[in-house]
There are 2 protein chains.
Amino acid sequence: MQQADRTLRHLTGYQLRRATSAAMPEVNKVLEEFGLRRSTYSSLVVVVANPGLNQGQLADALAIERPNLVQIVDQLERAKLVRRTKSVEDRRAYALQPTPKGCELEERATRALERLDNLLREGLSEQDKEILHRILQIIERNAETIQERDVAEISTP
Amino acid sequence: MQQADRTLRHLTGYQLRRATSAAMPEVNKVLEEFGLRRSTYSSLVVVVANPGLNQGQLADALAIERPNLVQIVDQLERAKLVRRTKSVEDRRAYALQPTPKGCELEERATRALERLDNLLREGLSEQDKEILHRILQIIERNAETIQERDVAEISTP
DNA sequence: TATTGTTATACTCTATAACTATA
DNA sequence: TATAGTTATAGAGTATAACAATA
């Protein structure tokens with residue numbers, strides 16, 4: 001039985017899901033070598049690039065819920081990659097600061113992921129890569145736009 | 001703070017993840033209107049397109065583990081969309097058959113998802129859509145190829 | 001009254017080991 | 001012995017309600 005999912009392959013959601021599901025385990029494997037997971041890695045990157053931001057801003061940047069961020073920052077702090085420092089302007093908030101060790105690890109992990117990226121995109125032209133990046137951002141924005149609308153018009157034409 | 005995740009946006013895995021995470025809730029909402037989830041919908045589609053296939057073949061087609069398929073088929077059977085019929089050639093296996101109700105629901109759900117697809121891909125040219133489909137399949141195959149190799153060469157250059 | 005970080009919780013998805021019945 | 005379907009289970013990821021401290 002070949003291409004038993006032929007019908008599904010026409011749907012963008014299914015295409016995205018298959019490609020993402022295939023790629024994520026490889027991303028996970030690379031990050032494991034650095035003692036990181038996707039959630040801790042992406043948080044670390046944003047803190048390194050935006051030192052001093054607070055947890056709410058970090059959650060917004062990564063589109064994750066604040067409660068789920070708590071344990072992620074806990075892990076980064078335990079690994080001495082990020083520090084929670086009390087914000088002086090707003091004493092409710094923590095200003096997140098990367099440690100030197102965090103900066104160094106982030107750089108090495110990013111380089112490894114860039115090498116994986118080249119393998120994932122093998123066979124694609126430079127133009128293909130740019131088009132992919134552009135299209136995925138359009139789809140993401142379209143999805144956010146749809147979210148603000150009513151789903152009824154889709155399900156019942 | 002704008003584009004706090006700028007560094008991450010360069011990575012294909014992150015691009016894929018963001019687009020997929022934004023799109024999946026919309027897919028879920030559409031399918032909920034039909035009493036389906038992504039897993040039950042995709043299984044239903046494959047059974048309708050390939051009546052008589054068994055659960056192992058279905059699991060392979062959708063790249064899901066067989067144990068996880070059991071409850072999915074249970075749900076489809078409880079909803080009278082699919083029937084498990086004992087295979088005559090191999091009495092260990094079930095031949096999965098769609099019911100008329102299953103065929104009808106699959107068709108309506110697919111039409112609704114195609115309408116969602118048009119919204120998700122709004123602003124893309126016909127060429128963009130074809131390129132996206134092609135690129136995502138390449139990435140999926142590349143990921144499967146990487147999986148068969150050693151990750152060490154990626155993490156430690 | 002609203003917001004930041006937190007706790008507790010629950011639900012889905014995914015993955016693996018081990019069982020049964022057939023082959 | 002190997003395979004098809006199953007059971008049980010465990011780990012992520014994700015989502016919401018409610019609380020304390022502060023604004």
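In this text the structure is predicted, and so the values were computed from the model without any measurement.

A. Inspection of the packing of helix H3 (residues 38-49) of chain A against helix H6 (residues 100-120) of chain A at higher detail. All names here are of chain A. H6 packs onto H3 with a crossing angle of 120° between their chain directions and a minimal axis gap of 10 Å. If you check the angle between H3 and H6, you find them oblique. Crossing hand, H3 versus H6: left-handed. Residues Tyr41, Leu44, Val45 and Val48 of H3 lie in contact with H6, whose contacting residues are Gly102, Cys103, Glu106, Ala109, Thr110 and Leu113. Looking at the contact of H3 with H6 residue by residue, the classes come out as 7 nonpolar, 2 polar and 1 charged.

B. Region of interest: the interface of chain B and chain A. In this complex, chain B contributes 68 residues to the contact, which on the side of chain A involves 70 residues. Carbon and sulfur atoms supply 65% of the area that chain B and chain A bury against each other, a total of about 6,700 Å² over both sides. Between the two partners, chain B and chain A, sit 6 salt bridges. The partner of aspartate 128 of chain B in a salt bridge is arginine 134 of chain A, with the nearest N and O atoms 3.1 Å apart. Of all the secondary structure elements, the ones that give two or more residues to the side of chain B that touches chain A are helix H1 (6-9), helix H2 (12-32), helix H3 (38-49), helix H4 (55-62), helix H6 (100-120), helix H7 (126-147) and helix H8 (152-155) of chain B. In terms of residue class, the side of chain B that touches chain A is built from 37 nonpolar, 14 polar and 17 charged.

C. The arrangement of the relation of the copies chain B and chain A in detail. Once chain B is rotated about the relating axis by 180° and shifted along it by 0.0 Å, it coincides with chain A to within an RMSD of 0.0 Å. The superposition operator between the copies reduces to a two-fold rotation axis. Interface overlap between copies is the fraction of interface residues in one copy that are interface residues in the other; for chain B against chain A it reaches 100%, indicating a shared surface.

Calculation criteria
- Residues numbered from 1 in each chain as written.
- Chains lettered and ligands numbered in written order.
- Predicted model: local features only at pLDDT ≥ 70, side-chain atom pairs only at ≥ 80, totals over all residues.
- Heavy atoms only, no water.
- Axes fitted to C-alpha atoms, helices over the stretch in contact; angles between N-to-C directions.
- Helix = DSSP H or I, 4+ residues; strand = E, 2+ residues; numbered from the N terminus.
- Parallel < 35°, antiparallel > 145°, perpendicular 65-115°, else oblique.
- Left-handed = near helix turned anticlockwise from the far one by under 90°.
- Contact = heavy atoms within 4.5 Å.
- Nonpolar A, V, L, I, M, F, W, Y, C, P; charged D, E, K, R; others polar.
- Buried area = accessible area lost by both parts, 1.4 Å probe.
- Salt bridge = Lys/Arg side-chain N within 4 Å of Asp/Glu carboxyl O.
- Least-squares fit on C-alpha atoms with pLDDT ≥ 70 in both.

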